Amino acid sequence: MTPRPQLGSSPPWSFPLPHIEELNHGMTLWTYPLPGQHIASCVLVLDLPLHCEPVGRDGLGNVVTRLLDAGTTTHPSVSFSQALEDHGGHFQPMVGQSTTQLMIDLPTNSLGAGLTLVAEAVKEPAFAADDFLSIQSQVYAEIDRHMARGSSIASIALRWSLFDHDLRISRPVFGDFESIPQITRDEVCDFHSRHYSPRGATLIIAGDIDPHETAHLAAQAFASWDSSVTSPVEVLPHVGECASHIIHREGAVQADVKIGWYGIDQKDPRWASLLVALTIMGGHFDSRLNTVLREEKGYTYGVSMGAHPFRHGGYIDFSSSTQTAMVHHLISEALEILAATQPFTPEEVDNAIAYLTESAPLALSTAVAVADQGASLVAAHLDVDHVTTGLVALRQVTPDSAMSAYHDLVNPDQGAIIVVGDSTGIGDLFSSHS
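No experiment lies behind these values; they were computed from the predicted model shown.

**Student:** Before we go on, may I ask you to explain unusual backbone geometry in this structure?
**Tutor:** The phi torsion of most residues other than glycine is negative, and most of the peptide bonds are trans. You will see that F127, though not glycine, has its phi angle at about 50 degrees, which is positive. Residue F127 is classed as buried on the basis of its relative accessible area, which comes to 4%. One non-glycine residue, H381, lies in positive phi territory at about 60 degrees.

Right, dumping it as structure tokens:
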């Protein structure tokens, strides 16, 4: 009989470090060789934050990225997407607060062709009139669907309440009903010519690749990209009115609740302690908030609490939903728990640390996850070893450091409270805003 194998401790794990090379015109290449990962994941991170959009044209950056794979000068109309499909490529753009990211996944043996197509999309998009009108209509319809959900409305309203209204960060990434119809094709072309540049850009590629060969392919693909565009100026977020609102939804039987506070970014030395604290309070099923509000009181199906870091600063939020008649009870109980008058116990801290750290090796085991994490590091201006050092920092959190970080940043009496529901059934919780 074969003896039962003895299980030992898990070997030390760390996030891989990229090979870094400078490419053409100020562009940087990060490569993550991952043997056996034959689908390569590529992310082109452009130094193009949301605040580059002209005033009154919120969502313009989103419209531009959506048009990039709708056709190029070399591959007009659907021939571009067909060329991508021929090489097994899947293209996905994303506009964020600090950067614009263009992602493509494709077999490693098609990497050269895929990079050439990505370069083509950013260098020579056609921006055909018919395609522009189609994408504009699609974005408007997506906003309509998004704004039909109370949770989405609450998320948007919370940022509007926390941050100064002049900041682009306080408004929806995808634009709104007023801004999208005003965008013109000429503005799309002008925005692209003004802001799409290799200067400050980072290309991240993860998969079963050779770094030097990949650098050669990338340099060839992006060789003729114009670098005359200057880098955008940093805009630091600052606190707005931090007001509370009820947003009326006629006939809604359920209310969505958000409570939020201005927060910190990942470079803050309190970051690891804050993550542990928020996990204890509302970050997993056995959290304090979920145990009381869901399991004991039955006010809600669940709660969440988390930190949302930007390149500079960020915000913290509590989220839940409940029947309209229970809004007062939910918020009252939540605020009492959020005060965290009982110190965190060693057991709570140990469980939170395990929850945050032990899944990392599995969660970051694929090329897609590695490239995406690399893009997050670039967007936040974090060191290449931040994931590994962050895990070390998490394991060093104590009950005292977690409690200190939490009370530094979460004060129930100073948070913005957003309720999206039928105000006639909620009453005078606080001053109403429809």
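Right, picking up where we left off after that structure.
**Student:** Is there a simple way to think about the pattern of salt bridges in this case?
**Tutor:** Within this structure, the stated rule accounts for 12 salt bridges. Between E348 and R288 there is a salt bridge; the shortest N-O distance is 2.9 Å. Here E348, found in helix α12 (residues 346-357), pairs with R288, found in helix α10 (residues 288-296); they are 60 residues apart in sequence, far enough to count as distant. The partly exposed category is assigned to E348, whose relative accessible area is 23%. Accessibility expressed as a relative area gives 17% for R288, which makes it buried. Shared partners join several salt bridges into a network, and the residues in it are E53, D58, R168 and R171.

**Student:** Can you walk me through the pairing of strand β5 (residues 100-107) in this structure?
**Tutor:** Looking along a regular strand, one sees the side chains alternate between the two faces of the sheet. Counting buried residues in β5 gives 6 out of 8 residues, a clear majority hidden from the surface. By the bridge criterion, 8 bridges tie strand β3 (residues 39-46) to β5 in an arrangement that is antiparallel. What sits directly across from S41, in β5, is D105. Bridge analysis of strand β4 (residues 90-95) against β5 gives 6 bridges, and the strand direction is antiparallel. Across the sheet, the residue bridging to V95 is T100, located in β5. Where β4 hands over to β5, the hairpin turn is made up of 4 residues, counted between the paired strands.

Cut-offs used in this document
- Residue positions are given per chain, counted from 1 along the sequence in the order it is written.
- The model is predicted, so local features are restricted to residues of pLDDT at least 70 and side-chain atom pairs to those at 80 or more, both for listing and for counting; the totals for chains, interfaces and linings are taken over all residues.
- By convention in this description, side-chain values take in all heavy atoms of the structure and omit both hydrogens and water.
- Per-residue accessibility, obtained with a 1.4 Å probe over protein chains only, is compared with the maximum for each type, and a residue is labelled buried under 20%, exposed over 50%, and partly exposed between these values.
- Salt bridge, as used here: a side-chain nitrogen of Lys or Arg that lies within 4 Å of a carboxyl oxygen of Asp or Glu.
- Helix and strand assignments come from DSSP, with helices taken as H or I runs of at least 4 residues and strands as E runs of at least 2, each series counted from the N terminus.
- Should DSSP find at least two bridges between two strands, the strands are regarded as paired.

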